[in-house]
Protein chains: 2
Amino acid sequence: MPPDDTVDDDAVDDHTSHDLPFLEDALPADAITTSDDVRDAHATDWGTDDGTAPDAVVWPETTEEVSAVLAGATEHGIPVTPYAAGTSLEGNPVPAHGGISMDLTRMDSVLEVRPEDHQLDVEPGVMGPAIEEAAGEHGLFFPPLPSSGDISTIGGMIANSASGMQTVKYGEIADWVLELEAVLADGSVITAGSRAVKTSSGYNLRDLLIGSEGTLAVVTSATLELAGRPEQIRGGRALFPTLDDATAAVTDAVQSGVDVAKIELIDAESARMANAYTGADLPDEPMVFVEFHADHGIEEEIAFCESIFEAHGVERFEIADDDRMDDLWRARKDLAFAVRSYDPDLEPLHPGDVTVPISEYGPLIQYAKERAAEEDLLVPCFGHAGDGNVHYSVLVDPDDPDEVERGEALYSEIVQRAIDVGGTATGEHGIALGKREFLVAEHGEVTVEAMRAIKRALDPTDTLNPGKIFPETAEGERVRADVPEE
Amino acid sequence: MPPDDTVDDDAVDDHTSHDLPFLEDALPADAITTSDDVRDAHATDWGTDDGTAPDAVVWPETTEEVSAVLAGATEHGIPVTPYAAGTSLEGNPVPAHGGISMDLTRMDSVLEVRPEDHQLDVEPGVMGPAIEEAAGEHGLFFPPLPSSGDISTIGGMIANSASGMQTVKYGEIADWVLELEAVLADGSVITAGSRAVKTSSGYNLRDLLIGSEGTLAVVTSATLELAGRPEQIRGGRALFPTLDDATAAVTDAVQSGVDVAKIELIDAESARMANAYTGADLPDEPMVFVEFHADHGIEEEIAFCESIFEAHGVERFEIADDDRMDDLWRARKDLAFAVRSYDPDLEPLHPGDVTVPISEYGPLIQYAKERAAEEDLLVPCFGHAGDGNVHYSVLVDPDDPDEVERGEALYSEIVQRAIDVGGTATGEHGIALGKREFLVAEHGEVTVEAMRAIKRALDPTDTLNPGKIFPETAEGERVRADVPEE
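From a predicted model like this one, the values you see are computed outputs, not experimental measurements.

Caption draft 1: Local environment of the overall build of chain A. On a plain count of helices and strands, chain A comes out with 17 helices and 18 strands. A principal-axis box enclosing the C-alpha atoms of chain A has dimensions of 70 × 60 × 45 Å. Expressed as a percentage of the 486 residues in chain A, the buried residues total 59%. Partitioning the contacts of chain A with sequence separation of at least 6, the portion at a separation of at least 24 is 70%.

Caption draft 2: Structural detail: the interface of chain B and chain A. Chain B puts 71 residues into the contact, and the matching count from chain A is 70 residues. Of all the secondary-structure elements, those providing two or more residues to the side of chain B that touches chain A are β9 (189–193), α8 (205–209), α16 (436–443) and α17 (445–458) of chain B. Looking at the side of chain B that touches chain A, its residues break down into 25 nonpolar, 33 polar and 13 charged.

Caption draft 3: Expanded view of the sheet that holds strand β10 (residues 218–225) of chain B. Residues and elements named next belong to chain B. Taken together, the 5 strands give an open sheet; going across it, the order is β5-β6-β10-β8-β9, and neighbouring strands pair in antiparallel fashion. Each of the sheet's edge strands pairs with one partner strand only, and the pair in question is β5 (110–114) and β9. The average undirected angle you get between the axes of adjacent strands in this sheet is 15°. Across the sheet, helix α5 (residues 128–136) is in contact with β5 and β6 (119–122); its angle to β6 comes to roughly 145°.

Caption draft 4: Fine view of the packing of helix α9 (residues 243–255) of chain B against helix α11 (residues 298–310) of chain B. All names here are of chain B. Across the interface, α9 lies against α11 with an axial gap of 9 Å and an inter-helix angle of 135°. Considering the angle they form, α9 stands oblique to α11. Remark: the crossing between α9 and α11 carries right-handed chirality. Contact with α9, carried on its side by A249, D252 and A253, involves C305, I308 and F309 of α11 and no other residues of that element.

Caption draft 5: Molecular detail of the environment of A:M325. All names here are of chain A. Among the structural elements, M325 can be located in helix α12 (residues 322–333). Each C-alpha atom of the pair M325 and P401 lies 41 Å from the other, and the pair is 76 residues apart in sequence. Those residues within four positions of M325 in sequence are excluded, and the remaining contacts are G235 and A320.

Caption draft 6: The environment of A:L346, seen in detail. All names here are of chain A. Structurally, the position occupied by L346 is in the loop between α13 (335–341) and β16 (347–355). Judged by the 19 C-beta atoms lying within 10 Å of it, L346 is partly exposed. Residues L346 and V394, 48 residues apart in the sequence, show an inter-C-alpha distance of 9.5 Å. For L346, the contacting residues outside a window of four places in its chain are L378, L395, V396 and D397.

Caption draft 7: Quick look at unusual backbone geometry. Its identity is not glycine, yet A:D376 carries a phi of approximately 55°, on the positive side. Locating A:D376 in the fold gives a position in the loop between α14 (361–375) and β17 (381–383). On the basis of neighbour count, A:D376 is assigned to the exposed category, with 8 C-beta atoms found within 10 Å. Unlike most non-glycine residues, B:D462 shows phi in positive territory, near 55°. A residue is classified by how many C-beta atoms lie within 10 Å of it, and B:D462, with 24 of them, is buried.

Caption draft 8: Spotlight on the pairing of strand β13 (residues 262–266) of chain A. Residue and element names in this part refer to chain A. Of all the 5 residues making up β13, 5 are buried; the element is thus mostly covered by neighbouring parts of the structure. Residue alternation in β13 divides its side chains into two sets, K262, E264 and I266 and I263 and L265, and both sets are buried. Here β13 runs beside strand β14 (residues 287–294); their pairing, made up of 5 bridges, is antiparallel. Counterpart to L265 in the pairing with β14 is V288. In this structure, β13 lies alongside β17, joined through 2 bridges in antiparallel fashion. Bridge pairing links I266 to F382 in β17.

Caption draft 9: Up close: the sheet that holds strand β10 (residues 218–225) of chain A. All names here are of chain A. Here 5 strands make up an open sheet; going across it, the order is β5-β6-β10-β8-β9 and the pairing antiparallel. The sheet is open, and its two edges are formed by β5 (110–114) and β9 (189–193), each paired on a single side. Neighbouring strand axes in the sheet, compared pairwise and without regard to direction, differ in orientation by 15° on average. Running over the sheet, helix α4 (residues 63–76) touches β8 (177–183), β9 and β10 and is turned about 50° from β8.

Caption draft 10: Spatial organisation of the packing of α14(A) against helix α15 (residues 401–420) of chain A. Residues and elements named next belong to chain A. Interaxial distance between α14 and α15 falls to 10 Å at its minimum, and their mutual angle equals 160°. In terms of orientation, α14 and α15 fall into the roughly antiparallel class. For the crossing formed where α14 meets α15, the hand is right-handed. Across from L364, Y367, A368, R371, A372 and E375 in α14, the residues of α15 making contact are R406, L410, E413, I414, R417 and A418.

Caption draft 11: Quick peek at the relation of the copies chain B and chain A. Taken as rigid bodies, chain B and chain A are interconverted by a rotation of 180° and an axial shift of 0.0 Å, the fit giving an RMSD of 0.0 Å. Here the two chains are linked by the operation of a two-fold rotation axis. Here 99% of the interface residues in chain B have copies in chain A that are interface residues too; the copies meet face to matching face.

Caption draft 12: Spotlight on the domain arrangement of chain A. Residues and elements named next belong to chain A. In terms of domain boundaries, chain A breaks down into domain 1 (4–103), domain 2 (110–228) and domain 3 (230–337). Just the C-alpha atoms count here: the centres of domain 2 and domain 3 sit 28 Å apart. Among the residues forming the side of domain 2 that touches domain 3, the class breakdown is 2 nonpolar, 2 polar and 1 charged.

Caption draft 13: Molecular detail of the pairing of strand β4 (residues 100–103) of chain B. Residue and element names in this part refer to chain B. Every second residue of β4 is oriented toward a common face, with I100 and M102 on one face and S101 and D103 on the other, all of them buried. Both strand β2 (residues 56–58) and β4 contribute to a ladder of 3 bridges, which runs parallel. Note on β4: the bridge partner recorded for V57 is S101. Two strands pair when backbone bridges link them, and strand β3 (residues 80–83) and β4 are joined in this way by 4 bridges, in the parallel orientation. From the neighbouring strand, P82 faces β4, where its bridge partner is M102.

Caption draft 14: A look at the confidence of the model for chain A. All names here are of chain A. Per-residue confidence for chain A gives a mean pLDDT of 92; residues scoring 70 or more make up 93%. Across residues 1–18, where pLDDT falls below 50, the model places 31 contacts with residues more than four positions away in sequence or in other chains. Note on residues 481–486: pLDDT under 50 across the span, and 5 contacts to partners over four residues away in sequence or across chains. The complex model carries a pTM of 0.94, and its ipTM stands at 0.94.

Caption draft 15: Local environment of α16(B). For α16(B), the full list of buried residues reads B:R436, B:F438, B:L439, B:E442 and B:H443. Seen from one end, α16(B) has its buried residues packed into an arc of 140°, which puts them on one side. Buried residues in α16(B) make contact with β9 of chain A together with α15 (401–420) and α17 of chain B. Phi turns positive, to about 85°, at B:G444, one or two residues after α16(B).

Caption draft 16: Representation of helix α10 (residues 268–278) of chain A within the structure. Residues and elements named next belong to chain A. Regarding α10, the residues found buried are E269, S270, A271, M273 and A274. Of the surrounding elements, those touching the buried residues of α10 are β13, β14, α12, α13 and β17. With its phi angle positive at about 65°, G279 sits one or two positions after the end of α10.

Caption draft 17: Seen up close, the environment of B:P124. Residue and element names in this part refer to chain B. By the element assignment, P124 lies in the loop between β6 and α5. Under the C-beta neighbour-count criterion, P124 is labelled buried, with 26 such atoms within 10 Å. When the C-alpha atoms of P124 and R330 are compared, they prove to be 26 Å apart, with 206 residues separating the residues in sequence. Apart from the residues lying within four places of it in its own chain, the contact partners of P124 are A84, L104, M107, T153, I154, G155, V219, T220 and A222.

Conventions adopted
- Residues numbered from 1 in each chain as written.
- Chains lettered and ligands numbered in written order.
- Predicted model: local features only at pLDDT ≥ 70, side-chain atom pairs only at ≥ 80, totals over all residues.
- Helix = DSSP H or I, 4+ residues; strand = E, 2+ residues; numbered from the N terminus.
- Buried ≥ 20, exposed ≤ 12 C-beta atoms within 10 Å, placed from the backbone.
- Contact = placed C-beta atoms within 7 Å.
- Nonpolar A, V, L, I, M, F, W, Y, C, P; charged D, E, K, R; others polar.
- Pairing = 2+ DSSP bridges.
- Axes fitted to C-alpha atoms, helices over the stretch in contact; angles between N-to-C directions.
- Parallel < 35°, antiparallel > 145°, perpendicular 65-115°, else oblique.
- Left-handed = near helix turned anticlockwise from the far one by under 90°.
- Least-squares fit on C-alpha atoms with pLDDT ≥ 70 in both.
- Domains from an automatic or database assignment.
- pLDDT = per-residue confidence, 0-100.
- Arc of directions from axis to C-beta.

Structure (structure tokens):
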């Protein structure tokens, strides 16, 4: 991320020769820095601005360098926290215990495209546009990119088990990763998965590493699966008189099997914020954005969707031309920014997501809105409605401690409600720091202890991203093999 | 599986009271047997007839009983090998070290259907037809059932990470499992996954357990996802002048993105065997069976497929009426039996599967056939062609030691070839006993050691299905936490 000229050679020499001497054996000098501005930049992500800075930041460029850093760090008991684009929300790449920030953005090569197998090999720092460009040259695309895909890395998407607007039709990032090369904490290099589209050979380490948020291994390359581009793509939007009508329409569409490629809810608050941020000129009403992909028969599918929306009182159902639709999707993609910049006196608490079974989607949003009204707080809701995925923020005046406290409580209530109705504390952003308190609530202590056992087995010295995912314990936050089990 | 009257109470009392006393505390008397015929029946699967018998067979009916048996077995150092329908091929449920066979076929209830969420909760002993019946009442179906789904259990499908004819369109069993309840070796009960359609909350224990072949946990219930039935279903078959033409046509169809729900290769040898077994009256030629699912536009998709097949010299492309198609699919489903009963003087060695990237599919079959001709052995090939999945058998005269040896060598050569071209030793049947020698060849020792570390972490006493998946070690076959790492 930082250009080479941010590297402060003196600081590197002074600091690393004292505290982190193995780094100089593992990496060239221009791949190590201890300068304050760079360290501070690696103490934040989109949802976290109060993290602790690492002691040093390194930029490995090869698997061998990743391995050498990890082996040395494990030997010397230094934490290593992988970092990439910093677009995560829960503090996933923000060090909890200092140590080394391993920035993977220089490992940004598309290694190989095998169009005959619809496969692409990439390094972890490759971003969405490079994937789409390499795939697009062969008439292919990578369907599960998240909304932030333009500016986030595949390594981060894999680490956090990301998904996106097209997950409703095509599945998650995890569904499009075939094979991973990854380095364990002791520096050993493993290969997880297969280039075959299916395998039942040995334990599924691939899907264990996906979503482990850099706590089990550092991914150094990934084989992705690609899809052929659909012949027909049409997008549009539907306006509803009430939010309940909009969520009921989405739910009915999913239950009826409408073949949508995207189906996104935007509530009236979010629409207002999008208008303020981008001048999107959205009506001040609950709306649903849709997109359809097909090789034939797209008009029938659109008509099917419209008929269901009509049963829920849709006011307008418009299929837009491409330019207009690009604007609408841009407004949707920018909602995270729009919420943040809406009112200079208000700040969103922990932007995040929860996901529930589709039958609980409408009731959850209704609950969030009712509680927001009771607390007199602004809680914009949007997200990947077809997956039962709600993105929400609670906006508070940061100078009003009482409001902050009520906001925090309401934020937590909504997460707990999602868990209570059979959903998950996070559909696509991970637990990291921000949601550790919900891990046991969602999975139970026995299941969490099984997760801890796996952490201890693969990273017994707790080198990789310590302090993440697992709630604090009486013995301290780090999950070490030498700490007695609770 | 055995009726209650097979239980030999005297034997139970005599034997278990001596060697396995904890069983009587864990289970009612009619859920335990040590009778020879039942033990012997639990020493086989479809691909294994020389296994070792368990010391006792138990039939738990609740999670609590599964937990009590496992806790007692771990305490007493007794192996427990889960068993269900016995339709696996690689010895997955066949004890390698005696102990207890835990037969889960009495846990066969459909617990709940939630059609509004397209979800179904089942116990592990539920078989395909019960799933289809419960789903069908709501216009839904379970797409990934394997060919043996009529007579195999969902627990076995999950244990072996199974897939089937419709995986080419809909994905594998793993893709349709949302949440699992499972019991670890020490008797503790965990919940893996979520009823939300996506989650990034904590480690993905669900996909770690799927395909772990009963070595990490015993699944006691599963939440499955269901799909709406397609409006249009059409099936047919295509005959090709040569096997190369048939595999090239399949490969081209996949690469071109033809939306097939099934696309199965049957070579001329397999066709002859099907005719002999079922009187299927198939032509003595390489052929491809196809099925299309759509909500609209199915005729266009069929025409698209036909145009691709024509480019590869298809001789006949026939879309059949439903009754005729049922006969054809029955012939395909029965191929495993047909191969086995084809010639009383010949026996198939290890029926199994390998899977390769689609561009390697034709070359792999070509290689198998060329080597078969060189060795003068019959090697019928069939399978889920669109996934690059090859089922093959090497037929040998069991009384001819030289032929058996050449057959074994050829069988192994084909597995190794699949690995060499980027594929997997097994796409859908697991490693178990039959393919342990290929685990390191496919994944490398470092990766296999990471798998062993997970086994030791979750099952430190190696209670669950010991001797499976991992190759034999100098210290003996069992992977125990107290055995030094290699």
